[in-house]
Amino acid sequence: LAVLAVKEQEDGDGGSVFFAVSGVDAGIAAALELSRLDEGVLGEVLFERRARRFSSGDGRATGLPRGFPRFKFGVAAPILSLSNAYGWLCLADKPGGHEFGSEDEQLLSTLAALVGRVYEKRSLYETALGDLARLHAVMELRKHAERSAASLADSLNHNARETVRPGPRGFA
């Protein structure tokens, strides 16, 4: 069983959690909902920013949602970039029924670190696209303001020439 959970970009509401499960019956997976990343063993993995192996009878003590299939052994790693913690990656019940070892923990840590870098790059890219769109909008407003100012200047120059015209000869 594999579980990925990350916080999505924060809007005004503080963001939401993206949650994906593999190796679980589709009907069960569709019913699972996760709204928090900071609960149970998985919350500790995220807070401490380090991987951990654990054993559990059910998913709730780990921070997984109610209804998650029971499992014996798990390993989890935080999804990190150099500056942010985004979520966690969790594996449960290694094939063959064995506990996860230190090699499994290290491999998952490496994978989660790569996911963290990709997630950060995607977030930075989306931020850059938003900044670019705002810059284009400002540039369009500036062009419009420049055209309006030029039009106003032409109008004022025309009115000034009309007002300053000399009168008929012989009049002071």
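Note: the structure precedes this text.
Residues numbered from 1 in each chain as written. Predicted model: local features only at pLDDT ≥ 70, side-chain atom pairs only at ≥ 80, totals over all residues. Heavy atoms only, no water.

Novice: How should I be thinking about a nonpolar patch on the surface in this particular structure?
Specialist: A surface patch of nonpolar side chains, amounting to about 480 Å² of accessible area, comprises Tyr125, Leu129, Leu132, Leu135 and Met139. Structurally, the position occupied by leucine 132 is in helix α3 (residues 102–163). Classification of leucine 132 by relative accessible area gives partly exposed; the value is 42%. (Patch = residues over 30% accessible without salt bridge, like charges linked within 9 Å, V, L, I, M, F, W, Y side chains within 5 Å. Areas by Shrake-Rupley, 256 points an atom, 1.4 Å probe, with all protein chains shown as cover. Salt bridge = Lys/Arg side-chain N within 4 Å of Asp/Glu carboxyl O. Helix = DSSP H or I, 4+ residues; strand = E, 2+ residues; numbered from the N terminus. Buried < 20%, exposed > 50% of the residue type's maximum accessible area, 1.4 Å probe, protein only.)

Novice: So what exactly am I meant to see when it comes to the pattern of salt bridges here?
Specialist: One pass over the full model with this rule turns up ten salt bridges. Across the salt bridge formed by glutamate 39 and arginine 36, the nearest N and O atoms sit 3.5 Å from each other. The class of glutamate 39 is partly exposed, set by a relative accessible area of 42%. Judged by relative accessible area, arginine 36 falls into the partly exposed class, the value being 40%. Between arginine 50 and glutamate 48 there is a salt bridge whose closest N-O contact spans 3.3 Å. Since its relative accessible area comes to 36%, glutamate 48 is described here as partly exposed. Overlapping salt bridges, with partners in common, bring together Glu44, Glu48, Arg50 and Arg52 in one network.

Function cannot be inferred from these measures alone, as they are strictly geometric.
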